[in-house]
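Chain and residue survey
The residues making up each chain are set out below.
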Amino acid sequence: MSRYRLYPTAIQAVAMVEHCGHTRYVWNLAVEQQSWWNPRRGPAPGYVEQNRQLTEARRAFDWLAAGSIIVQQQALRDFSTAMAGFFRGSHRKPGFRKRGRSEGFRIVAVKPSDVRQVNRRWSEVRIPKVGWVRFRRSRTVPDARSYRVTRDRAGRWHVAFAAVPAPIAAPGVGEAVGVDRGVTASAALSTGELLRCPGLRPAEAARLRRLQRRLAHARRGSNRRAALKARIARVKAREADRRKDWVEKTSTDLARRYDLIRVEDLNVRGMTRSARGTVEAPGRNVAQKAGLNRGILAAGWGLLARRLEQKAPGRVEKIPAAYTSQRCSACGHVAAESRESQAQFCCVACGFQSNADVNAAMNIAAGRAVTARGGAGLPVPVNREP
């Protein structure tokens, strides 16, 4: 996707909000209809049947007919695609959409004349029943047959053209690099580089905590609560933008410098799952685990690995993460005592000293993964006492 920032006028923004409302309404109707069907009633209606029902609904309701048929039909098409992914086992079952979340709509059958360049900085895109909406021309606009317009919680509009960029070519130097992802250092490279994902500044973090405290005391449904939620969303959007920018620049740099990139095979979704538990079996150290989850998500672990695979397809290998932080990259000895602290590694067998994250990255770069009893993934069991 090639995404650009949209700058609609006040009137255009109102029309685009109506498009989002029609998309959400049609999608939620499809979800509700799907929930009523079971094997005894036969197959649920597909896209063709739902499209026919949409035509009847547009005849019955003028407010629905006032919207764009393209926007509403594509909501049904997206729901059909989501259900196909659910039955295939690659995605979760689609659920209801809420106002203020997952806001957006898709336009198809885009012609080359629907996108025009105004000057070096600005371009415009034609949106049905909205008109020409300008967007910031931050890079060359690709030729695409469809695009999606989205609105985030901070109230910003974006347009994403459905054009997959070409992968980054390998430099051909024959070098491999290991990437160890952490919380203190977001990414440690086997070359010794420590990369940190920028987050909120101390003043911004204090402001966010202050706004969250005020939100906790605001009455639900009040205008004050809505204003506070918008201000919090703007602060968090700034943090997310910095994280995405860092991931894009880091992944592009690694794909251009190295032929082979090795990362840990981590289940980030499982690692960031809440430890709250249930009423019958409450969790332990819930607050500490929540802080760790926030640190992992703020470091962009999953996004970095995903963007590396997209920019350098076939050149990213996932190495099992077991004991990579306890193994000495110099002699291969594995011992928990070698990890003196979170940042320092000192091998108890050979005395090798290094940054703990860099030592783990060197093991990842070599493709080494060992088990507790030693030998797995290595030519000889070198992780035993000499």
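Refer to the structure printed above.
To keep things clear, this report deals only with the structure shown in the data block. Please read all numbers here as calculations on a predicted model, not as lab measurements. (Residues numbered from 1 in each chain as written. Predicted model: local features only at pLDDT ≥ 70, side-chain atom pairs only at ≥ 80, totals over all residues. Heavy atoms only, no water.)

A word on helix H8 (residues 286-299)
- Taking 1.5 Å per residue, 14 residues should reach 20 Å; H8 reaches 20 Å between its end C-alpha atoms and fits that length.
- For H8, every residue scored as buried is listed here: Asn293, Gly295, Ile296 and Ala299. In a view along the axis of H8, the buried residues occupy a sector of 160 degrees, so they form one face of it. The exposed residues of H8 that point more than 90 degrees off its buried face are Ala287 and Arg294.
- Those residues of H8 that are buried are in contact with helix H6 (223-257), helix H7 (268-271) and helix H9 (301-311).
- Just downstream of H8 lies glycine 300, where phi reads positive at about 70 degrees. (Helix = DSSP H or I, 4+ residues; strand = E, 2+ residues; numbered from the N terminus. Expected span 1.5 Å × (residues − 1). Buried < 20%, exposed > 50% of the residue type's maximum accessible area, 1.4 Å probe, protein only. Arc of directions from axis to C-beta. Contact = heavy atoms within 4.5 Å.)

Some words on the side chain of arginine 181
- Positionally, arginine 181 belongs in strand E8 (residues 176-181).
- Reaching out from arginine 181, the side chain makes a polar contact with the backbone oxygen of tryptophan 301 at a distance of 3.0 Å.
- Apart from residues no more than four positions distant in its own chain, arginine 181 is found in contact with Ser186, Val263, Glu264, Leu266, Trp301, Gly302 and Ala305. (Polar contact = N/O pair within 3.5 Å; in protein donor to acceptor, adjacent residues only side chain to side chain.)

Concerning unusual backbone geometry
- The phi angle at alanine 109 is positive, at roughly 55 degrees, despite the residue not being glycine.
- Along the chain, alanine 109 falls in the loop between strand E2 (103-107) and strand E3 (115-117).
- Taking relative accessible area as the criterion, alanine 109 reaches 52% and is therefore assigned exposed.

Remarks on the sheet that holds strand E9 (residues 187-189)
- The strand order across the open sheet built from five strands is E10-E9-E8-E11-E12, with neighbouring strands paired in mixed fashion. Of all strands in the sheet, those with a lone pairing partner are strand E10 (194-195) and strand E12 (316-320), marking the two edges.
- Strand direction decides the pairing type here: E9 and E10, joined by two bridges, are antiparallel. The residue of E10 that forms the bridge with alanine 188 is leucine 194.
- Strands in contact with H9 are E8, E9, strand E11 (260-265) and E12; relative to E8, the strand with the most contacts, it is inclined by about 160 degrees. (Pairing = 2+ DSSP bridges. Axes fitted to C-alpha atoms, helices over the stretch in contact; angles between N-to-C directions.)

Quick notes on the packing of aromatic side chains
- Inspection of the entire model under this criterion finds nine aromatic pairs.
- Plain terms: the ring middles of phenylalanine 86 and phenylalanine 87 are 5.4 Å apart, the flat faces sit at 55 degrees to each other, and that makes the pair tilted.
- Exposure remark for phenylalanine 86: the relative accessible area of 31% places this residue in the partly exposed category.
- Ring-pair connections join several aromatic residues into one group, and the members of that group are Tyr4, Phe135, Tyr147 and Phe161.
- It is arginine 136 that lies over the ring of tryptophan 122; its NZ or CZ is 5.4 Å from the centre. (Phe/Tyr/Trp six-rings, centres within 6.5 Å; stacked < 30°, edge-to-face > 60°. Lys NZ or Arg CZ within 6 Å of the ring centre and 35° of its normal.)

What about the packing of helix H5 (residues 202-217) against H6?
- Where H5 contacts H6, the two axes come as close as 10 Å, and the packing angle between them is 150 degrees. One element, H5, and the other, H6, form an angle in the roughly antiparallel class. When you trace H5 past H6, the crossing you get is left-handed. Taken together, the residues of H6 that come into contact with H5 (itself represented by Glu204, Arg207, Leu208, Leu211, Gln212, Arg214, Leu215 and His217) are Arg224, Arg225, Leu228, Lys229, Arg231, Ile232, Val235, Lys236, Arg238 and Arg242.
- Its residues assigned to classes, the contact of H5 with H6 comprises six nonpolar, two polar and 10 charged. (Parallel < 35°, antiparallel > 145°, perpendicular 65-115°, else oblique. Left-handed = near helix turned anticlockwise from the far one by under 90°. Nonpolar A, V, L, I, M, F, W, Y, C, P; charged D, E, K, R; others polar.)

Some words on the nonpolar core
- Within the largest apolar cluster, 23 residues are counted, with the highest numbers of intra-cluster contacts made by Leu6, Met16, Ile127, Tyr147, Val149 and Phe161.
- Of all the secondary-structure elements, those providing two or more residues to this core are strand E1 (2-6), helix H1 (10-36), E2, strand E4 (122-127), strand E5 (131-136), strand E6 (147-151) and strand E7 (157-161).
- The greatest single-element share of this core, amounting to four residues, is contributed by H1.
- In this structure isoleucine 127 touches Met16, His19, Phe105, Val133, Tyr147 and Val149, once residues within four positions along its chain are discounted.
- Counting 16 residues, the second largest nonpolar core, distinct from the first, contains Val177, Ala187, Leu308 and Val316. (Core = buried A, V, L, I, M, F, W, Y, C linked by side-chain atoms within 4.5 Å.)

Overview of the packing of helix H2 (residues 47-60) against helix H4 (residues 69-88)
- The N-to-C vectors of H2 and H4 enclose an angle of 150 degrees; their axes lie 10 Å apart at closest approach. By the criterion of interaxial angle, the relationship of H2 to H4 is roughly antiparallel. Read as a crossing pair, H2 and H4 show a hand that is right-handed. On H4, the residues touching Tyr47, Gln50, Asn51, Leu54 and Arg58 of H2 are Ile69, Gln72, Gln73, Leu76, Arg77, Phe79 and Ser80.
- Tallied by class, the residues present in the contact of H2 with H4 amount to five nonpolar, five polar and two charged.

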